[in-house]
Amino acid sequence: MQAGTISFRSFEDRYIEDMVKLYLEAYEGLEVYAYKGEEDTKSYINWLKNRDREGILLAFEGDKLVGFIAGDANWFSKRERDRVGAVHELVVHKDYRNRGIGSALMERILEYFRGKGLKKAELWVGDENLVARRFYERLGFKEEGRYNYWVRMTKEL
């Protein structure tokens, strides 16, 4: 990632349409794990916003949305029997991958979770989404179980 080209912004409702478009583009080829269509995706993004508005961080190049992460510091994990930092979504535009944007977004959300006093982060990733699974492993997440075609991964904070 070239220094100074990517900026990070807090979530605002005016970005929802851009988030929907980016989400649908980013899941091309991985539709089995994604919401379908603009209305379902918009409902999902509104659900994320209502879960933890502060936990949504956006990455921009100029005025173009190129990535976002949706974390949830209010998530109660049934498996942990405790509140954890849940990473519900991490999306980076395909043309901007491998530039450090996903890592930067993840670093910021994990710091957000730590600031909320959380001790563990968790996420669920598609079992055949090997690129994402390797990415999370490089960041220190470990597989902690499976359900259907989802893999649960956790990281101590």
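Below is a summary of the structure that appears in this document. These numbers come from a predicted model, not from an experiment. Residue positions are given per chain, counted from 1 along the sequence in the order it is written. Local features in this predicted model are restricted to residues whose pLDDT is 70 or higher, and side-chain atom pairs enter the listing and the counts only when it is 80 or higher, whereas totals over whole chains, interfaces and linings include all residues. Side-chain measures were taken over the full set of non-hydrogen atoms in the model, leaving aside hydrogen atoms and water.

Quick word on the packing of aromatic side chains
Geometry of aromatic contacts follows a simple scheme: Phe, Tyr and Trp rings, the Trp one being its six-membered ring, pair when their centres are within 6.5 Å, and the pair is stacked under 30 degrees between planes, edge-to-face over 60, tilted otherwise. Evaluated as defined, the whole model comprises 12 aromatic pairs. With centroids separated by 6.3 Å and ring planes inclined at 15°, the aromatic side chains of Y44 and W47 adopt a geometry described as stacked. On the criterion of helical spacing, the pair formed by Y44 and W47 is a turn pair, its members being three residues apart in helix α2 (residues 37-52). With a relative accessible area of 7%, Y44 lands in the buried category. For W47, a relative accessible area of 37% corresponds to the partly exposed category. Among the aromatic side chains, those forming a connected cluster through ring pairs are Y23, Y27, Y35, Y44, W47 and W75. The aromatic ring of F60 is capped on one face by R9, whose charged end is 3.8 Å from the ring centroid. Counting from the N terminus, the helices are the DSSP runs of H or I reaching at least four residues and the strands are the DSSP runs of E reaching at least two. Each residue's exposure class comes from its accessible area (1.4 Å probe, protein chains only) as a fraction of the maximum for that residue type: buried when under 20%, exposed when over 50%, partly exposed otherwise. Geometrically, a charge over a ring is one whose NZ (Lys) or CZ (Arg) sits within 6 Å of the ring centre while staying within 35 degrees of the ring normal.

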